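Coordinate analysis (summary)
Chain by chain, the residues:
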Amino acid sequence: MKKRNVNKNSENTMKKAKEINKNLQEISLKDVNSIMKDLETSSKGLTSLEAENRLEFFGANEIEYERKNPWYIYLLKSFLDPFVLILAVIVFVSYFTDILFAAPGEESWMTILIILTMIVISVVLKFLQEYKSRIEADKLKDLVPTTATVLRKDTGREEVIMSNIVPGDMVYLAAGDLIPADLRIISCKDLFISQSSLTGESEPVEKLPENRGDIHEKGVSDLDNILLMGTIVVSGSATAIALKTGNETYFGTIAESISEDRGETSFEKGVKSVSYLLIRFMLIMVPIVFLINGISKGDWLEAFLFAISIAVGLTPEMLPTIVSTNLAKGAISLSKRKTVVKRLSSIQNFGAMDVLCTDKTGTLTLDKIVLEKHLDVLGRENDRVLRHAYLNSYYQTGLKNLLDLAVIDSGLEKGYEDLDKKYEKVDEIPFDFTRRRMSVVLRSEGSKRQLVTKGAVEEMLSICSLVEINGDVVPLTDEIIDKVMKTVNEMNNDGMRVLAIAQKNDIPDEDTFSVADEKDMVLMGYIGFLDPPKDTAAEAINALQNHGVKVKVLTGDNEGVTKKVCKDVGIPIDNVVLGTDVENMTDEKLSKVVEETSIFAKLSPIQKERVISILQDNGHTVGFLGDGINDAQGLKQADVGISVDTAVDIAKESADIILLEKDLNVLEQGVIEGRRVFGNIIKYIKMTASSNFGNVFSVLVASAFIPFLPMLPIQLLVQNLLYSISQIAIPLDTMDEEYLAEPQQWNANDIGKFMVCIGPISSIFDIATFWVMWNVFGANTVDKAPLFQSGWFIVGIVSQTLIVHMIRTRKIPFIESRASTPLMVMTFVIIAIGIMIPFTGFGTYIGLVPLPANYFFWFIGIILAYSILTQVAKNLYIKKFDSWM
């Protein structure tokens, strides 16, 4: 889990944001001519040459989220791993002992070559996987350039790529435009701006050329004459001057905070702690082995070489490779399911995730508004209501929102496409967010004039004095209003957004109309809109819950709509907490509420982040799915930040995982893949930790009681190389279904217990091998040392290679649970090579000798006994601690 971390960079970013806020406040107070003078521009804009020079000086108008590292940085980082560095030091030392200071004719490159092979395998695999992952993430960059309209002295109005906007540019804005930079308004008409992606405010705000009220009490987004980069023009038009571009904008400060170091996940910290534990273990045991062998055998150079070989054996050099390859394989697997992994370590958090927080729109729902019902005031389907709604939406000239488009689509299905031939628009009264309605005045073929109005129910009732019932127009009484509101509330509770439709025929014979004409109207009925749940949402949520993941909805939408959708997809709706409730709760109170609540509605972006943080403080691994600017901090705060390829750039940059389809079924696959990846990493860590713990005891016993080295340094290195190669197939292994059914989280204490309980088992059979070779085969003198070493070489390579099959499952290996084919093949290929080496010329070169046939009876007995005792110990361990992998 991640905690809030306010570091030096965060403080600098906050300081910069305050400076920008103060600067924009000062600019908002200045008159336009002073601003133009400061920016050395005019009302006619810049010349093309001036714009070009400024672009070179200020840089492209782009948000730099983080600097992309070249390939050689990734390669260098792959080398800068503690285990690789240890092996590099050993290579350096071996050069002196085996080459530089070796007796003439006895120089040997074998040790160096074997260790270098290990280094190359580890580094190359890690580099290829991580660099490839970065390239895949970069491919998601939007290739379609966004443009803006500017005024240039020499060319007039022209469309330019948004990245070419510079301070001093005169920018023209119209409905639907994205604000390309931080701007100061020069003039505007009916200008309303949606700042939801930046501030989380659901309602657009009106902007004006001059400020209203005391600006010192306002935040930067509340300044009336300042437009912020990344916001959107909902309606109206404006001319404005560009003040700041790129990372100097207010948006840019948010991007800088997102690009800061996210800190390490619990998994990364856990791997690092185990790594340093094994390194400390090695640094303690190697000098002890060196001293015992030097003192007991008197050959200090040979003791030193043996100690170096033990150091190599105790160095889990494949750990970074196993981790990287597992994560990369998980990323490749998810990419086939249309999911791109930007941050490899997040795959494990996917598997550990036990709470998924998600928005509602487009995730649980289709993100497509449909007109579900068109009713008269008595609640009956009525095509006249739909016809008038269609006329209103069709003839309005403002920006048609999703509701208008849904009305038009529904009207076209009814065959209303020819209505434009029967009606002519006379005038319209545009929508504004105070009235929350809009009207059109139409003239029909018979010169009949009609005012048709559509808007929020409460505002529409305030301008209606009559109502149409069964074709008759009657007074609108309080009783009828109560019936209307009852029906509307029922529709709201069903998750619908409701608008009322009204009209009147008795209107003046003139061409210009105003808000004052919206009175004494006839209420006709209402239309209900729905963003319906996706067909797969209920199935996906059920699957996530069956895999131990609770789904919580964090939305800015209202309670009624949210409850309806959640009920349809199977999310509990018993308890709904609103943003106002969250705001008034202490952290202690909220920590209890988040455990009992599945729906949080009317939340601001800060409240979303707070809910996620409290869940993390409660010990949960939290995923968050979001796609807006206002989701960026939540995406960063979550253990797994998930976004979609249609999201704003800052959301994609903040995310760890990017879905090419906004579908919860993909998340279930990600959870399963994350658990498989984590399981394969843990099996290597537990296997390595327990094997190293057991091997140390074996080496100490052999060093203390045997008058020769139990294995030559070169033999240890070859054995370790073979063992390391056998583990390359671990990322291709499967996990038992029972393991994948529950969230899997890092537990450092469990690894320590496992190492102490399981590790000594291998020592028992190593010592048994020593006894057999010493007493049964008479390998108890220096002359017979090669026979002794050959016997332990084979037992060691086979037992170390087989242990993965014992550890990978709670069940009986090979019978109740089998490893994947690649791991099985790799295991038995390495075992076969290990057994054959003493019988080859290479075996003779490294000091091994062929073993007698009856040795293999003892060998089989030792390996069988080892496997049986390990299985018994496994069952006892599971019974006592109720855990294994």
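Scroll up for the structure.
Residues numbered from 1 in each chain as written. Predicted model: local features only at pLDDT ≥ 70, side-chain atom pairs only at ≥ 80, totals over all residues. Heavy atoms only, no water.

Structural notes on the overall build of the protein chain
- When helices and strands are counted, the protein chain shows 31 helices and 23 strands.
- Expressed as a percentage of its 885 residues, the buried residues of the protein chain come to 56%.
- If you take every contact in the protein chain between residues at least 6 apart in sequence, the share linking residues at least 24 apart comes to 74%.
- When the accessible surface of the protein chain is split by element, carbon and sulfur atoms take 57% of a total near 38000 Å². (Helix = DSSP H or I, 4+ residues; strand = E, 2+ residues; numbered from the N terminus. Buried < 20%, exposed > 50% of the residue type's maximum accessible area, 1.4 Å probe, protein only. Contact = heavy atoms within 4.5 Å. Areas by Shrake-Rupley, 256 points an atom, 1.4 Å probe, with all protein chains shown as cover.)

Re the nonpolar core
- Judged by nonpolar contacts, the single largest core of 135 residues is most densely connected at Phe350, Ile571 and Ile642.
- At 16 residues, helix α24 (residues 664-705) tops the list of elements feeding residues into this core.
- Other than its neighbours up to four places away in sequence, Phe350 contacts Leu334, Val640, Ile642, Ile657, Leu667, Gly670, Val671 and Gly674.
- Core analysis: the second largest hydrophobic core is formed by 28 residues, Val377, Val441, Met496 and Ala500 among them. (Core = buried A, V, L, I, M, F, W, Y, C linked by side-chain atoms within 4.5 Å.)

Quick look at the pattern of salt bridges
- Inspection of the entire model under this criterion finds 18 salt bridges.
- Measuring nitrogen to oxygen at the nearest pair gives 3.4 Å for the salt bridge that ties Asp383 to Lys414. Linking Asp383 in helix α13 (residues 383-395) with Lys414 in the loop between α14 (402-413) and β11 (423-432), this pair joins segments that are 31 residues apart in sequence.
- As a salt-bridge pair, Lys421 and Asp418 come within 3.9 Å of each other at their nearest N and O atoms.
- Judged by its relative accessible area of 65%, Lys421 is exposed.
- It is possible to trace a salt-bridge network through shared partners that takes in Lys683, Asp733 and Arg808. (Salt bridge = Lys/Arg side-chain N within 4 Å of Asp/Glu carboxyl O.)

Quick word on the sheet that holds strand β21 (residues 622-625)
- Strand order across the open sheet formed by eight strands is β8-β23-β22-β21-β9-β18-β20-β19, with mixed pairing between neighbours. Edge positions in the open sheet fall to β8 (339-341) and β19 (576-578), since each of these has one partner strand only. Between one strand axis and the next, the sheet turns by 20 degrees as a mean value, whatever way the strands run.
- Relative to strand β23 (residues 657-659), β8 runs antiparallel, the two sharing three bridges. Within β23, the position partnered with Val341 by the bridge is Ile657.
- Packed onto the sheet, helix α21 (residues 605-617) meets β9 (355-358), β18 (550-554), β20 (599-601) and β21 and runs at close to 160 degrees relative to β21. (Pairing = 2+ DSSP bridges. Axes fitted to C-alpha atoms, helices over the stretch in contact; angles between N-to-C directions.)

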